[in-house]
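Residue-level structural notes
Read off the chains here:
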Amino acid sequence: MNILVAYFTQFVNRSGGMEHVCCQLANAMAERGHQVNIAYCSPVDGSPFYVLHPHVGLYNIYPARMKDMGKHHAYMPLWAKLAREGIRPFSRMTVRKWNFMWRHKILHQSLMPVLAACQPDIILSFEPDTTSTYMYNADSLPPVITMFRFNPEFILKRMLPAEKQFLSQSCCIQVLLP
C-alpha cells in the first residue's frame with residue numbers, strides 16, 4: 001500500500017511527541033513493506049530529529065517562493081494582509097475565515113505536485129488542520145484518516161464551519177486521549 005503521512009508543521013529537527021509518533025508510524029509501515037512518504041511544512045529543509053527507515057520519503061510543501069523571500073508564514077500578499085487588518089476590528093470570525101482561505105489555498109498548491117508524485121492509496125493526517133489543507137479545492141482524493149492527538153472537544157469549539165465540513169469528509173477519525 002502507498003501511504004502518505006501528513007504533518008504540516010515544522011517537522012525538521014523537532015523532538016516532540018507527535019514528531020516521534022509520526023516517525024515511528026512511518027518506520028513501522030515501511031518495515032512491513034508499504035511505500036511510505038511524509039509530507040511536512042517547514043521553512044527549513046532537512047531530516048527529522050528521529051531516525052527514519054531508509055525507504056521513507058520526505059516532502060516539504062513549504063512554498064518555495066516564501067523560502068526564497070526568507071519569509072515565514074507569509075502566505076498572504078500585502079494587499080490581502082491590509083484588507084484583513086481593516087476587517088479585524090469589526091469581525092474576528094471573518095479574519096479567521098480569511099486566514100483559513102489564504103493558508104489552505106497556498107499550501108494546497110504546493111501539495112498537488114506531492115500527491116501526483118506519491119500517488120497515495122491513503123493519507124494519514126496528523127491533525128485536523130492538515131486534513132483541511134488536503135480537502136481544500138480537492139476534486140478527488142484517496143481516503144483520509146484524521147488523527148486527533150488533543151481533546152477533540154477543545155479543537156472542535158474553535159473550528160470554522162468549513163474546517164468541520166472538511167473533517168466530516170474524512171473516511172475515519174482516530175482520537176487518542178490520555
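First, a word on what this report is: a plain description of the structure on this page. (Residues numbered from 1 in each chain as written. Predicted model: local features only at pLDDT ≥ 70, side-chain atom pairs only at ≥ 80, totals over all residues. Heavy atoms only, no water.)

A word on the packing of aromatic side chains. Taken as a whole and judged by the stated rule, the model has four aromatic pairs. Consider the rings of Phe11 and Tyr40, whose centres lie 5.6 Å apart with planes at 40 degrees: the pair is tilted. Pair noted here: Phe11 is in the loop between strand 1 (2-7) and helix 1 (17-31) and Tyr40 is in strand 2 (residues 35-40), with a separation of 29 residues, a long-range link. Judged by relative accessible area, which is 0%, Phe11 ranks as buried. (Phe/Tyr/Trp six-rings, centres within 6.5 Å; stacked < 30°, edge-to-face > 60°. Helix = DSSP H or I, 4+ residues; strand = E, 2+ residues; numbered from the N terminus. Buried < 20%, exposed > 50% of the residue type's maximum accessible area, 1.4 Å probe, protein only.)

In the Ramachandran plot, Gln119 falls in the positive-phi region, its phi being about 45 degrees despite a non-glycine side chain. Mapped onto the elements, Gln119 comes out in the loop between helix 4 (92-118) and strand 4 (122-125). With relative accessibility at 58%, the residue Gln119 sits in the exposed group.

Let us look at the side chain of Thr131. If you trace the backbone, Thr131 turns up in helix 5 (residues 128-135). Side chain to side chain, Thr131 and Thr146 meet in a polar contact 2.7 Å long. When residues no more than four places from it in sequence are discounted, the contact partners of Thr131 are Ser125, Val144, Thr146, Phe166, Leu167 and Ser170. (Polar contact = N/O pair within 3.5 Å; in protein donor to acceptor, adjacent residues only side chain to side chain. Contact = heavy atoms within 4.5 Å.)

Compared with the 21 Å implied by 1.5 Å per residue over 15 residues, the 21 Å span of helix 1 between its first and last C-alpha is a close match. Those residues of helix 1 lying buried are Met18, Glu19, Cys22, Cys23, Ala26, Asn27 and Ala30. Take helix 1 and look down its axis: the buried residues cluster within an arc of 165 degrees, on one side only. When the buried face of helix 1 is taken as reference, the exposed residues oriented beyond 90 degrees from it are Gly17 and Glu31. (Expected span 1.5 Å × (residues − 1). Arc of directions from axis to C-beta.)

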